[in-house]
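Summary of structural features
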Amino acid sequence: MTKQLYPAYLFFGEETYLQKQALEELKVAVFGDNSLAASWNIEEYDGEDVSLEQVCSAAAGGGLFTCRRLVIVKDAVYFKGKKRKNTDESEGEEKGKEQANRDTEALEEYFATAEENVLVFLHYGSVDKRSKLFKLLQKQGKIKEFAPLTPIEQEAYIERCLKTRGKTAERRAASMLAFLSGGSLEILSRELDKTCLFVGEEQEKITALDVEKIASGSSDLSVFALTDAVLARRGKQAVDAYLQLLRQGEAAQMILALLAKNLHNALLVSELAKDGLRANDIAAKLGLHFYVAEKHYKWRNAFGSRDYLRSMELLLAVDVAQKSGKGEIAELLETALLRICYNN
């Protein structure tokens, strides 16, 4: 069954990797395997540099070697609903309305004459869903939002990707991969490729140990090693982990921020664990990666609420001290780590 094609599409949202996938699928739907037609009949524009009237005019013409043309507009600012680049600061609300009306008229004219051509708008971030332009495209075209995936959705994405390669992953391994990607599916896809190459064709199941071996130099995992040492109150181990991060080139300010974030999450996990929730339920409730919730759950009885609050106060004091010129952050943070570990 042939996929239904619309005269215009709007792909927006923060997950650009899925946007790119959707665009590639659309190219196939428009041109099939006719690479010659695709090479001659795809045009790309930057929405910051051309007006919507120009785009719609370019998209209205017929194609070469085919009756279809595909016009792609990257950074389609027309849908933002805010003042655009190179617009005079003194431009009033009335001029903005006039431009919005011209944009709407241009798109209406395109829809009336589009025939089999396809116009695609790509935009990173949010759009103004109340605008006439958005509502017009929603009515006569197709709009798709690509929001960042939640940790659970990322794990499901990993499962689907691995299934196509004849592989599976432990829950902890999948969660680690999702966590290490920082929420980016583009990075996650590269990590999946690397992991599958590492384990080889014969090994079907990817373990957490496999992921740890591949990501042994990751700053995120190293900060967790530091956090573990702090929660275990092992001062020397904490300082060693901290100094190792510095040797890896990580900034003390970044280490401070990540450690504070980890301790804050550990406090939340600890409080929920008191209510009888397990790591899996806590991860879902807090929107954390299962790997992160499981890590903190292991130390749920290590610190009391006062210990966590005191630790975060010491870290805040480090930040205030270095910003007010009372010392170097690297030395201040090392001292704070020892004070937290030895309750000094």
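Here goes a summary of the coordinates provided. (Residues numbered from 1 in each chain as written. Predicted model: local features only at pLDDT ≥ 70, side-chain atom pairs only at ≥ 80, totals over all residues. Heavy atoms only, no water.)

Across its full length, the chain holds 16 helices and 7 strands. Relative to a compact globule of 344 residues, whose C-alpha radius of gyration would be 20 Å, the chain shows 26 Å and is clearly more extended. Considering only C-alpha atoms, the chain reaches an extent of 75 × 60 × 40 Å along its principal axes. Across the 344 residues of the chain, 44% fall into the buried class. The long-range share in the chain, meaning contacts at least 24 apart out of those at least 6 apart in sequence, stands at 75%. Of the charged side chains in the chain, 47 are positive and 52 negative; the average position of the first set lies 6 Å away from that of the second. (Helix = DSSP H or I, 4+ residues; strand = E, 2+ residues; numbered from the N terminus. Rg over C-alpha atoms; globule rule 2.2 N^0.38 Å. Buried < 20%, exposed > 50% of the residue type's maximum accessible area, 1.4 Å probe, protein only. Contact = heavy atoms within 4.5 Å. Lys, Arg positive; Asp, Glu negative; His and termini not counted. Charge placed at Lys NZ, Arg CZ, Asp CG, Glu CD.)

With a phi close to 55°, Asp75 is a non-glycine residue in the positive phi region. Looking at the secondary structure, you find Asp75 in the loop between β3 (70-74) and α4 (93-113). Assessed through its relative accessible area of 31%, Asp75 is described here as partly exposed. Located in the positive-phi region is Arg233, a residue other than glycine, with phi close to 60°. Taking relative accessible area as the criterion, Arg233 reaches 28% and is therefore assigned partly exposed.

Within the largest apolar cluster, 50 residues are counted, with the highest numbers of intra-cluster contacts made by Phe11, Val120 and Ile158. Residues contacting Val120, with those up to four places away along its chain left out, are Tyr9, Phe11, Leu23, Leu26, Leu70, Val71, Ile72 and Val73. Core analysis: the second largest hydrophobic core is formed by 29 residues, Leu263, Phe303, Leu315 and Leu337 among them. (Core = buried A, V, L, I, M, F, W, Y, C linked by side-chain atoms within 4.5 Å.)

Glancing now at the pattern of salt bridges. Any two side chains of opposite charge can pair, given that their charged atoms come close. According to the stated counting rule, one finds 17 salt bridges in the structure shown. Taking the shortest distance from any N to any O, the salt bridge between Glu186 and Lys20 comes out at 3.3 Å. Taken together, the residues Glu186 in helix α8 (residues 185-199) and Lys20 in helix α1 (residues 16-31) connect sequence positions 166 residues apart. For Glu186, a relative accessible area of 27% gives the class partly exposed. The partner of Glu212 in a salt bridge is Arg172, and the shortest N-O contact between them spans 3.5 Å. One end of the pair, Glu212, is in helix α9 (residues 208-214); the other, Arg172, is in helix α7 (residues 171-180), and 40 residues separate them in sequence. Connected via shared salt-bridge partners are Arg172, Glu212 and Glu294. (Salt bridge = Lys/Arg side-chain N within 4 Å of Asp/Glu carboxyl O.)

The next point concerns the sheet that holds strand β1 (residues 8-13). Adjacent strands of a sheet pair through backbone hydrogen bonds, lying either parallel or antiparallel. An order of β2-β3-β4-β1-β5 is seen for the 5 strands of this open sheet, with the pairing classed as parallel. Two strands in the sheet have a free side with no partner beyond their single neighbour: β2 (42-46) and β5 (142-145). Ignoring strand direction, the axes of neighbouring strands in this sheet form an average angle of 15°. Taken together, the 6 bridges between β1 and strand β4 (residues 118-124) define a ladder with parallel strand orientation. Along β4, the bridge assignment pairs Leu10 with Phe121. Helix-sheet contacts for helix α3 (residues 52-59) involve β2, β3 and β4, and the interaxial angle to β4 is about 145°. Sheet contacts for helix α5 (residues 132-140): β1, β4 and β5; angle to β1, the most-contacted strand, approximately 120°. (Pairing = 2+ DSSP bridges. Axes fitted to C-alpha atoms, helices over the stretch in contact; angles between N-to-C directions.)

With that out of the way, let us pick up α7. Counting buried residues in α7 gives 8 out of 10 residues, a clear majority hidden from the surface. Along α7, the positions that sit buried rather than exposed are Ala173, Ala174, Ser175, Met176, Leu177, Ala178, Phe179 and Leu180. Looking one or two places after α7, you find Gly182, whose phi comes out positive at around 70°.

This next bit is on the state of the cysteines. Per the counting criterion, the structure on display carries 0 disulfides. Looking at Cys196, it has no disulfide partner, and the nearest cysteine sulfur is the one in Cys161, 9.1 Å off. (Disulfide = S-S within 2.5 Å.)

Along the chain, Asn101 falls in helix α4. Spatially, the C-alpha atom of Asn101 lies 31 Å from that of Leu18, the residues being 83 residues apart in sequence.

Here we come to the side chain of Asp319. Its location among the elements puts Asp319 in helix α15 (residues 305-323). A polar side-chain atom of Asp319 sits 3.1 Å from a polar atom in the side chain of Gln253. Of note is the side chain of Asp319, whose polar atom sits 3.4 Å from the side chain of Gln322. Residues within four places of Asp319 in sequence aside, it is in contact with Gln253 and Leu256. (Polar contact = N/O pair within 3.5 Å; in protein donor to acceptor, adjacent residues only side chain to side chain.)

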